[in-house]
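Structure at a glance
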Amino acid sequence: MTVTLEVTDGVGTILLDRPPMNALDVATQDRLRALAEEATRRDDVRAVVLYGGEKVFAAGADIKEMQVMDHTAMVVRSKALQESFTAVARIPKPVVAAVTGYALGGGCELALCADFRIVADNARLGQPEILLGLIPGAGGTQRLARLVGPSRAKDLIFTGRHVKAEEALTIGLVDRVVPAAEVYEQAHAWAARLAKGPALALRAAKESVDAGLETDIDTGLTIERNWFAGLFATEDRERGMRSFVEEGPGKAKFL
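**Some words on the overall build of the protein chain**
- The number of helices and strands found in the protein chain is 11 helices and nine strands.
- Its C-alpha atoms give the protein chain a radius of gyration of 19 Å, within 12% of the compact-globule value 18 Å for 255 residues.
- The principal-axis extent of the C-alpha atoms belonging to the protein chain is close to 65 × 40 × 35 Å.
- When burial is assessed residue by residue, the protein chain has 44% of its 255 residues classed as buried.
- For the protein chain, the proportion of contacts with a sequence separation of at least 24, taken over those separated by at least 6, is 70%.

**Description of the sheet that holds strand S9 (residues 176-178)**
- The sheet built from six strands is open, its strands ordered S1-S2-S3-S4-S6-S9 with mixed pairing. Both outer strands of the open sheet, strand S1 (3-8) and S9, are each paired with one neighbouring strand and no more. Averaged over all adjacent pairs, the angle separating strand axes in this sheet is 20 degrees, with direction ignored.
- With five bridges joining them, strand S2 (residues 11-16) and strand S3 (residues 47-51) adopt parallel strand pairing. Its bridge partner lying in S3, Gly 12 is registered against Val 48.

**Things to note about the pattern of salt bridges**
- Across all of its chains, the model carries 16 salt bridges by this definition.
- Two residues, Arg 42 and Asp 44, come together in a salt bridge whose shortest N-O distance is 2.8 Å.
- Bridged by salt links that share partners, the residues Arg 33, Glu 37, Lys 79 and Glu 83 form one connected network.

**What about the nonpolar core?**
- Leu 50, Phe 57 and Leu 173 are the most contacted members of the largest nonpolar core, which has 45 residues in total.
- For this core, the element with the highest residue contribution is helix H3 (residues 71-89), accounting for five residues.
- Apart from residues lying up to four places away in sequence, Leu 50 is in contact with Ile 14, Phe 57, Val 88, Val 95, Val 96, Ala 97, Ala 98, Leu 110 and Ala 114.
- By size, the runner-up hydrophobic cluster in this structure holds 16 residues, among which are Ala 98, Val 178, Val 183 and Trp 190.

**Describing the packing of helix H1 (residues 26-41) against H3**
- Remark: H1 packs on H3, axes separated minimally by 8 Å, with the N-to-C direction vectors making an angle of 35 degrees. Taken as a pair, H1 and H3 cross one another with a handedness that is left-handed. On H3, the residues that touch Val 26, Gln 29, Asp 30, Leu 32, Arg 33, Ala 36 and Glu 37 of H1 are Arg 77, Leu 81, Glu 83, Ser 84, Ala 87 and Val 88.
- Of the residues assigned to the contact of H1 with H3, the class counts are six nonpolar, two polar and five charged.

**Regarding the sheet that holds strand S5 (residues 102-104)**
- If you walk across this open sheet you meet the three strands as S5-S7-S8, and the pairing is mixed. At either end of the open sheet lies a strand with only one pairing partner, and these are S5 and strand S8 (162-164). Neighbour-to-neighbour, the strand axes of this sheet turn through a mean angle of 20 degrees, independent of strand direction.
- In this structure, S5 lies alongside strand S7 (residues 124-126), joined through three bridges in parallel fashion. The partner of Tyr 102 across the bridge, within S7, is Arg 124.

**Points about the packing of helix H9 (residues 199-213) against helix H10 (residues 217-230)**
- As a packed pair, H9 and H10 sit with axes 9 Å apart at the nearest point and diverge in direction by 170 degrees. For the element pair H9 / H10, the angle class is roughly antiparallel. Mapping the contact onto sequence places Arg 203, Ala 204, Glu 207, Ser 208, Ala 211 and Gly 212 in H9 and Gly 220, Ile 223, Glu 224 and Trp 227 in H10.
- Class assignment for the residues of the contact of H9 with H10 results in four nonpolar, three polar and three charged.

Definitions and limits used
- Residues numbered from 1 in each chain as written.
- Predicted model: local features only at pLDDT ≥ 70, side-chain atom pairs only at ≥ 80, totals over all residues.
- Heavy atoms only, no water.
- Helix = DSSP H or I, 4+ residues; strand = E, 2+ residues; numbered from the N terminus.
- Rg over C-alpha atoms; globule rule 2.2 N^0.38 Å.
- Buried < 20%, exposed > 50% of the residue type's maximum accessible area, 1.4 Å probe, protein only.
- Contact = heavy atoms within 4.5 Å.
- Pairing = 2+ DSSP bridges.
- Axes fitted to C-alpha atoms, helices over the stretch in contact; angles between N-to-C directions.
- Salt bridge = Lys/Arg side-chain N within 4 Å of Asp/Glu carboxyl O.
- Core = buried A, V, L, I, M, F, W, Y, C linked by side-chain atoms within 4.5 Å.
- Left-handed = near helix turned anticlockwise from the far one by under 90°.
- Nonpolar A, V, L, I, M, F, W, Y, C, P; charged D, E, K, R; others polar.
- Parallel < 35°, antiparallel > 145°, perpendicular 65-115°, else oblique.

What follows is the structure, encoded as structure tokens:
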């Protein structure tokens, strides 16, 4: 399998395994979608880590495979490509990307689908599609601009240049830079901490932020209000408030 899902302590690790560079061919894209949907369904998966292994996250699409596609073929395939990445972005649980080495093109776009990005100090990120006479096609023009702002997104997309880890941190493309040997450990720890939290409240928080970014402030506030009120019907809310009153803040156990 080019992508696998392994679950430990509530954390599902979606591992890309297509040596040497984890090129995202059609089979890998489809497998990624299937596992994202599986992680969404499974109650034992409460948080997710996206990982490409110790050497590389993903160096982009399979260019040899794409080269033989004509316009008609790509009209059909591009929708499936976006749907694969959107399935990852819509996992209703905390998702962290653990990035080592290259995260270019589709690899960068996959990292953008996570809620949080922890990268190695040797990481290189970018959207080099312009160098092929193309633009990003798996969400890069949209998610990158929403994350770092339109001007910085255009700089990266127009030039196709690679961004080193520290610059990526400075512009907000990533959230934490750590030694390469610690990337997966720290990503798993971040996910494991949230895996112990209230699942419905975490889902509500994620969907409120993500959906709110796609609309105006008034609609966003309505989304937030509906989720906020709805959580008062949950056992987790009852447990959390009871623990706060009886034991003090931060001691509630939600599993």
